[in-house]
Amino acid sequence: MTGAFLDVESSITGRRWVGLSAGEERLAEALAQQADLPPAVARVLARRGVAPEAAQGFLAPALRDLLPDPRSLKDMEAAAARFLQAVKTRERVAIFADYDVDGGSSAALLIDWLRQMGRAATLYVPDRIDEGYGPNEEAMAALARDHDLIICVDCGTLSHGPIAAAKGADVIVLDHHLGGADLPDCVAVVNPNRQDEDGSLGHLCAAAVVFLMLVEANRQMRANGTTGPDLMAMLDLVALATVADVAQLTGVNRAFVRQGLTVMARRNRPGLVALSDVGRLDRAPSAYHLGYVLGPRINAGGRIGKADLGARLLATADMGEAMQLAKLLDDLNTDRREIETRVREAALEQAEARGLEAPLVWAAEDGWHPGVVGIVASRLKDATNRPAVVIGFDGDEGKGSGRSIAGVDLGASIQKLAAEGLITKGGGHRMAAGLSLTRAQLDPAMDRLSDLLARQGAGEAGPADLRIDGLLMPGGATVELIEMLEAAGPYGAGASAPRFAFPAQTVRFTKPVGDGHLKLSFSDGGPVVMDAIAFNARATGLSDMLENHNSRPFHLAGRIEVNHWNGRQSVQLKLEDAAPA
């Protein structure tokens, strides 16, 4: 084990600070020298394993260079051809979409494309509580009676029975969830996570798969002498889904998000404009805003409201309807937060009583709303650096959701539980999964899941590790540096935002703000005094130590960001941890 960064073995919050490995340090030095990069940017690229000769391409990812050939995915040509046949012959098309951001974005992509071609489609989103995830036999049979083609987006790969129930209609599946040994009998199952795929595109979300299908459709149209809609203008939806579905921000996903954010900044999609305004987003969006401002509001409909609200918002071309839906979703998101807080506090208490050092952290209880268990699982995962599962029971039936950490495939493990009969059903992808089970199955299933995750290394990384990318001084933390660091983004799943340590800083000012937060300023004795904000500082112990500093110097760690206030820009530190110097 390498030495702790700045010799911080146990910080104020109890974490060990970890810097770059020796190999990453050598790569960072080569990047700084050969690619002429600032040391802070070079260290971020070194964390990503970017070679010096690839640095410029990484900092300016071009979709044309990174976009895979849609035909590299099995069934793609058949899916696009059947889709175009339905458009050409004016068949009745239905879209069966999952109730989250990825499902809503996928449906909106198809609806937008069809609308530009003078066609329409029926949108169907199942109710999370009454119907659960994915196609069900009753809904599919009903859609088949009135439609010629049903397209399942962000679902369907494991839906053998429901797809068989769609008698009289053709079915296309555009999905990314893990597939089983056998595929449902339908026209096409386009899914980079089918078992017979090589997995090279397994990081794509469903909206990206839909986008690739539309790329193939446009290509087939060009071959026949016609043109399709402008797909580049639809990348805002692909970016939103990629970030909100916690897809790994590597390869083509980086280009999707970078280009999609540019498209979104033009404010041409009514639903996203309305949601941005309701969310008081007063500047060009970043990946953070997709994940923490827009995404949660879109998801709120599927979690505790009407399941199709998010998809309708993203698909509408009417600004008035968009504003109505955005306001409704904003209100639902406020309600969702209140429900989530109650469940999160109870789940964390239960998990702590069970122990947070096991390979799996889990909690289950009567009456926990199934619409928030996934968010709460994500909070537990973040707090413990362990895969987490949270389950809400209604009578004897429990519905749960899980979130994983890097390097641990939760979806495959949940799917194995289902194959072994330890749960009623379950599936998902590497980072997130869902499951249904009975009370009698709960303890055996969680024991088995913990064992499966332990074999993948879950529980080995201490929750106390805090990764540090390098050192900074207040004078070097500039808006220009932040802009260069942004070029190494976007940041999110698989590409965490850079975190820097400011060594031996003197705390100049502190002020408690809000509900347990702390504002402060600090310096290294030079002319630059830097502002910082530490959220939940009272609970983490940062407030007590930093407010009573007695002029003692501290190492401060966190992420630098641009603070916008009254038309001015300044740099502030979002403080995550500290340690006595």
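These figures come from a predicted structure and were not determined experimentally. (Residues numbered from 1 in each chain as written. Predicted model: local features only at pLDDT ≥ 70, side-chain atom pairs only at ≥ 80, totals over all residues. Heavy atoms only, no water.)

K.L.:
Please explain the overall build of the chain as it appears in this structure.
P.N.:
Counting its secondary structure elements, the chain contains 21 helices and 18 strands. For 581 residues, the compact-globule estimate of 2.2 N^0.38 gives 25 Å, and the C-alpha radius of gyration of the chain, at 24 Å, lies within 12% of that figure. Each principal axis of the C-alpha distribution contributes one length, and for the chain these read about 75 × 60 × 45 Å. Within the chain, the fraction of its 581 residues that count as buried is 55%. For the chain, the share of sequence-separated contacts (at least 6 apart) that also reach a separation of at least 24 residues comes to 64%. Per element, the accessible surface of the chain, about 24300 Å² overall, is 49% carbon and sulfur. Computing the positive centroid from 59 side-chain charges and the negative centroid from 74, the chain places the two 3 Å apart. (Helix = DSSP H or I, 4+ residues; strand = E, 2+ residues; numbered from the N terminus. Rg over C-alpha atoms; globule rule 2.2 N^0.38 Å. Buried < 20%, exposed > 50% of the residue type's maximum accessible area, 1.4 Å probe, protein only. Contact = heavy atoms within 4.5 Å. Areas by Shrake-Rupley, 256 points an atom, 1.4 Å probe, with all protein chains shown as cover. Lys, Arg positive; Asp, Glu negative; His and termini not counted. Charge placed at Lys NZ, Arg CZ, Asp CG, Glu CD.)

K.L.:
What should I look at first to understand the sheet that holds strand S6 (residues 188–190) in this one?
P.N.:
Where strands meet in a sheet, backbone hydrogen bonds hold them as pairs that are either parallel or antiparallel. The parallel open sheet is built from five strands, whose spatial order is S3-S2-S4-S5-S6. Among the strands making up the open sheet, the edge pair consists of strand S3 (122–124) and S6. Between one strand and the next, the sheet's axes are offset by a mean angle of 15°, whatever the strand orientation. Where strand S2 (residues 93–97) lies against strand S4 (residues 149–153), five bridges are found, and the strand directions are parallel. In the strand pairing of S4, Phe 96 is matched with Cys 152. Contacting S4, strand S5 (170–174) and S6, helix H9 (residues 206–223) runs over the sheet at an angle of about 120° to S5. (Pairing = 2+ DSSP bridges. Axes fitted to C-alpha atoms, helices over the stretch in contact; angles between N-to-C directions.)

K.L.:
Help me out: how do you make sense of the packing of aromatic side chains in this one?
P.N.:
Each aromatic ring pair is characterised by the separation of its centres together with the angle its planes make. Summed over all chains, the structure comprises five aromatic pairs. Measuring from ring centre to ring centre gives 5.6 Å for Phe 211 and Phe 256, while their planes differ by 80°; the resulting arrangement is edge-to-face. Taken together, the positions of Phe 211 in helix H9 and Phe 256 in helix H11 (residues 252–265) put the pair 45 residues apart, joining distant regions of the chain. Here Phe 256 falls in the buried class, since its relative accessible area comes to 0%. Above the plane of the ring of Phe 58 lies Arg 254, whose end atom (NZ or CZ) is 3.7 Å from the centre. (Phe/Tyr/Trp six-rings, centres within 6.5 Å; stacked < 30°, edge-to-face > 60°. Lys NZ or Arg CZ within 6 Å of the ring centre and 35° of its normal.)

K.L.:
When you look at the pattern of salt bridges in this model, what are you seeing that I'm missing?
P.N.:
One side chain can pair with another of opposite charge once the charged atoms of both are near each other. Inspection of the entire model under this criterion finds 36 salt bridges. Asp 112 is paired through a salt bridge with Arg 115; the nearest N and O atoms lie 3.9 Å apart. Separated by three residues within a single helix, Asp 112 and Arg 115 lie in helix H6 (residues 101–116), roughly one turn from each other. With a closest N to O distance of 3.4 Å, Glu 357 and Arg 386 form a salt bridge. One end of the pair, Glu 357, is in the loop between helix H15 (319–354) and strand S7 (361–366); the other, Arg 386, is in the loop between helix H16 (373–384) and strand S8 (388–394), with 29 residues separating them in the sequence. (Salt bridge = Lys/Arg side-chain N within 4 Å of Asp/Glu carboxyl O.)

K.L.:
Help me understand the sheet that holds S8 in this model?
P.N.:
A sheet is described by the order of its strands in space; here five strands give the open sequence S7-S8-S9-S11-S10, paired in mixed fashion. Edge positions in the open sheet fall to S7 and strand S10 (425–428), since each of these has one partner strand only. Across the sheet, the axes of successive neighbouring strands diverge by a mean angle of 15°, strand direction being ignored. In the sheet, strand S9 (residues 397–403) pairs with strand S11 (residues 432–438) via seven bridges, with the strands oriented antiparallel. Residue pairing across strands places Glu 397 opposite Thr 438, the latter belonging to S11. Sitting on the sheet, H16 touches S7, S8 and S9, and the angle it makes with S9 is about 45°. Across the sheet, helix H18 (residues 439–454) touches S7, S8 and S11, and the angle it forms with S11 is around 140°.

K.L.:
Would you take a moment to explain the nonpolar core for this structure?
P.N.:
Among soluble globular proteins, nonpolar side chains are generally buried collectively. Grouped together as the largest cluster of nonpolar side chains are 81 residues, with contacts concentrated most on Phe 83, Trp 113 and Leu 214. Examining the composition of this core, we find that eleven residues originate from one element, H9, more than from any other. Those residues in contact with Trp 113, other than ones at most four positions away along the chain, are Phe 83, Leu 84, Val 87, Leu 214, Ala 217, Asn 218, Met 221, Pro 229, Leu 231 and Met 234. Membership of the second largest hydrophobic core comes to 43 residues, among which are Leu 20, Leu 45, Val 479 and Leu 518. (Core = buried A, V, L, I, M, F, W, Y, C linked by side-chain atoms within 4.5 Å.)

K.L.:
What's the story with helix H5 (residues 76–88) in this structure? I'm lost.
P.N.:
It helps to recall that an α-helix has 3.6 residues per turn; residues three or four apart then point in one direction. When the terminal C-alpha atoms of H5 are compared, their 18 Å separation across 13 residues agrees well with the 18 Å that a helix rising 1.5 Å per residue should span. By the burial criterion, the buried members of H5 are Met 76, Ala 79, Ala 80, Arg 82, Phe 83, Leu 84, Ala 86 and Val 87. Buried residues belonging to H5 abut S2, H6, S4, S5, S6 and H9. Just beyond H5, the residue with positive phi is Arg 90, at close to 55°. (Expected span 1.5 Å × (residues − 1).)

K.L.:
I keep staring at the packing of H6 against helix H10 (residues 235–244) and nothing clicks. Help me out?
P.N.:
Each packed pair of helices is defined by two parameters, the angle between the axes and the distance between the axes. Running from N to C, H6 and H10 cross one another at 165°; their axes reach a closest spacing of 8 Å. Between H6 and H10, the interaxial angle falls into the category roughly antiparallel. Crossing handedness for the pair H6 and H10: left-handed. On the side of H6, the interface is formed by Val 101, Asp 102, Ser 105, Ala 108 and Leu 109, while H10 contributes Leu 237, Val 238, Leu 240, Ala 241 and Ala 244. (Parallel < 35°, antiparallel > 145°, perpendicular 65-115°, else oblique. Left-handed = near helix turned anticlockwise from the far one by under 90°.)

K.L.:
What's the story with the side chain of Thr 157 in this structure? I'm lost.
P.N.:
Locating Thr 157 in the fold gives a position in the loop between S4 and helix H8 (160–164). For Thr 157, a relative accessible area of 1% gives the class buried. A polar contact is formed between the side chain of Thr 157 and the side chain of Asp 175, at a distance of 2.6 Å. A polar contact of 2.8 Å, which involves the side chain of Thr 157, links it to the side chain of Asn 191. Once residues lying within four places of it in the same chain are set aside, the contact partners of Thr 157 are Val 173, Asp 175, His 177, Leu 178, Gly 179, Leu 183, Pro 184, Val 189 and Asn 191. (Polar contact = N/O pair within 3.5 Å; in protein donor to acceptor, adjacent residues only side chain to side chain.)

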